[in-house]
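As a plain string of letters, each chain reads:
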Amino acid sequence: MGALAPPFIGDSWLASPVGVGEGAEERRGAAAAAAAAVVERERMAGTGAFDEIVDGEVFKYYAEGEWRKSNSGKSVSIINPTTRKVQYKVQACTQEEVNKVMEVAKAAQKAWARTPLWKRAELLHKAAAILKEHRAPIAECLVKEIAKPAKDAVSEVVRSGDLVSYTAEEGVRVLGEGKLLLSDSFPGNERNKYCLASKIPLGVVLAIPPFNYPVNLAVSKIAPALIAGNALVLKPPTQGAVAALHMIHCFHLAGFPKGLISCVTGKGSEIGDFLTMHPGLYWRRYWHCHFKEGWNDPPSNGTRGKDACIVLEDADLDLVAANIVKGGFSYSGQRCTAVKVVLVMESVADALVEKVNAKLAKLKVGPPEEDCDITPVVTESSANFIEGLVTDAKEKGATFCQEYKREGNLIWPLLLDHVRPDMRIAWEEPFGPVLPVIRISSVEEGIHHCNASNFGLQGCVFTRDINKAIMIADAMETGTVQINSAPARGPDHFPFQGLKDSGIGSQGITNSINMMTKVKSTVINLPAPSYTMG
């Protein structure tokens, strides 16, 4: 699946003839350099197993089982958040090319729906293995496109492979069972009707994942859609598009039928709305909303959040501080489930802020290639938005626990204490490494602030009293409440959903499979009532 390594890679080359005779040291050095070059080539985007997905400087789009250049002759540049220079280019697909993709997908789906479940699962397992095998070049794209720390980038790819495999297993179970209903369970009926209910595919499904998890939040739609018998069209985010193209190639290498999976790239102004409103899609009528955290058809989890962390007086403050730093600042706070506001009881606020500040001082700030804790945010406009929130908080009297520092897209971690409800950052989602602390005098005050938000994705509560924790969790108007831990999406088989403006539907592998299907009933009518053992 990639270029084969020469026989001297590893320790075994030391015993080969390369190291014998005159000039052995030179030849051995040249061999080692060649081996290293091959290994490095396999790690680089658009090389090795991925040679065919790129044409010169521009990555191709994927349609009808092959990699193509757009007839537009145009490309879209992808800016490296760290260097702020062009890193990659992708095809600027046309509306005509989108139409062709949809036409072919519709035909491919009909054949795929007739493919046995075990065969669908087999191909998904194969794609998962290939994805994990090629984690290095895909992770490299994540580092350069979205400034994801190198270790986290590798983790995202491996996690995605695991998600695909789990979906294959779960799909065989969920979709392999139907339901039998008997008519006499409803008043006034005899047992003369048998209803067989089964799950059938939707048709053609569109997925538009977000920039922050362009691989994982793509496969979380792709795998459920495919196991359920659908065709899939992917429109990756601009930042993260090349990582997504590499991921799609792993499905190509697994041998999925031509036309079943497509990946189109381009400007949102040209093909974005055109895609979401396309008549070839199922449930296209819902596509008039923009979701920061992802677009899917059918609509599910376009999630945004202002995830609140409520801290009670009896909480373990060391545990709280660790979770605030992890939950609020990992990947520079660019996560829908990041802690977005801390609501802490006044009596323990000073102690908690001190502990959080001590941990923030230890975070490493810098480029993602060096596995720094805080890396540049994805775009200059994102950095400007965050800075606007910081400026507003400063003008209105928030306490800056650190000096505000920014270089390009890189913003140093900042904790803002004594934030009040009249400050923008008390309500708006920064999607960056800036976290407000609001001091509260009662639990009710904390719950009120949480529920006053337009968002309701996740929240968390820290206390040693499980009874209080359950009652507060019930009162919080969020899709998920974490007790004594920071908000998190996952493990990937857990339900993941939001309330209010934080999305539609529920993700999580089982829920996602079900959302990719609809129910069909077949009713058998008997000439007379029939009762087993009657």
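Given the structure is predicted, the values throughout are model-derived calculations rather than measurements.

Conventions and cut-offs
- Residues numbered from 1 in each chain as written.
- Predicted model: local features only at pLDDT ≥ 70, side-chain atom pairs only at ≥ 80, totals over all residues.
- Heavy atoms only, no water.
- 1 Å grid on protein atoms, 1.4 Å probe; cavity = no way out; pocket = protein on both sides within 12 Å on 5 of 7 lines; lining within 4 Å.
- Points joined across faces, edges and corners; volume = space filled by probe spheres on them.
- Nonpolar A, V, L, I, M, F, W, Y, C, P; charged D, E, K, R; others polar.
- pLDDT = per-residue confidence, 0-100.
- Contact = heavy atoms within 4.5 Å.
- Buried < 20%, exposed > 50% of the residue type's maximum accessible area, 1.4 Å probe, protein only.
- Helix = DSSP H or I, 4+ residues; strand = E, 2+ residues; numbered from the N terminus.
- Pairing = 2+ DSSP bridges.
- Axes fitted to C-alpha atoms, helices over the stretch in contact; angles between N-to-C directions.
- Parallel < 35°, antiparallel > 145°, perpendicular 65-115°, else oblique.
- Left-handed = near helix turned anticlockwise from the far one by under 90°.

## A few points about empty space enclosed by the protein
Enumeration over the complete set of coordinates arrives at 5 cavities of 30 Å³ or more. Volume-wise, the largest cavity comes out at about 90 Å³. The wall of the largest cavity is formed by Leu163, Ser220, Arg489, Gly490, Pro491, Asp492, Phe494, Phe496, Gln507, Gly508, Ile509 and Ser512. Counted by class, the lining of the largest cavity contains 5 nonpolar, 5 polar and 2 charged residues.

## Regarding the confidence of the model for the chain
Confidence in the prediction for the chain averages 90 pLDDT; 88% of positions are at 70 or higher. Here residues 31-39 is modelled with pLDDT under 50, and outside its nearest four sequence neighbours on either side it reaches 8 contacts, counting other chains as well. Overall, residues 284-301 carries pLDDT values under 50, and its contacts beyond four positions in sequence, including any with other chains, amount to 63 contacts.

## Overview of the pairing of strand β5 (residues 75-79)
In β5, alternate side chains face the same way, and those of Val76 and Ile78 are buried while those of Ser75, Ser77 and Ile79 on the opposite face are not. Pairing of β5 with strand β6 (residues 86-91) involves 5 bridges; the strand directions are antiparallel. Pairing of Ile78 across the sheet is with Tyr88, part of β6. Between the antiparallel neighbours β5 and β6 lie 6 residues, among them Arg84 with a positive phi of about 60°.

## Some words on the sheet that holds strand β2 (residues 58-59)
The 4 strands are arranged β1-β2-β6-β5 in an open sheet whose pairing can be described as mixed. Two strands in the sheet have a free side with no partner beyond their single neighbour: β1 (54-55) and β5. Looking at chain direction, β2 and β6 are connected through 2 bridges and run parallel. By the bridge assignment for β6, Phe59 is matched with Val90. Helix-sheet contacts for helix α4 (residues 135-146) involve β5 and β6, and the interaxial angle to β6 is about 110°. Relative to β6, helix α7 (residues 241-254) is tilted by about 55°, and along the sheet it contacts β2, β5 and β6.

## Description of the packing of helix α5 (residues 150-175) against helix α6 (residues 216-227)
For the pair α5 and α6, the least separation of the axes is 9 Å and the interaxial angle reads 20°. As summarised for this structure, α5 and α6 are arranged roughly parallel, according to the angle between their axes. For α5 against α6, the interelement crossing comes out right-handed. Residues Glu156, Arg159, Ser160, Leu163, Val164, Thr167, Ala168, Gly171 and Leu175 of α5 form the contact with α6, whose own contacting residues are Asn216, Val219, Ser220, Ala223, Pro224 and Ile227. Grouping the amino acids of the contact of α5 with α6 by side-chain chemistry returns 8 nonpolar, 5 polar and 2 charged.

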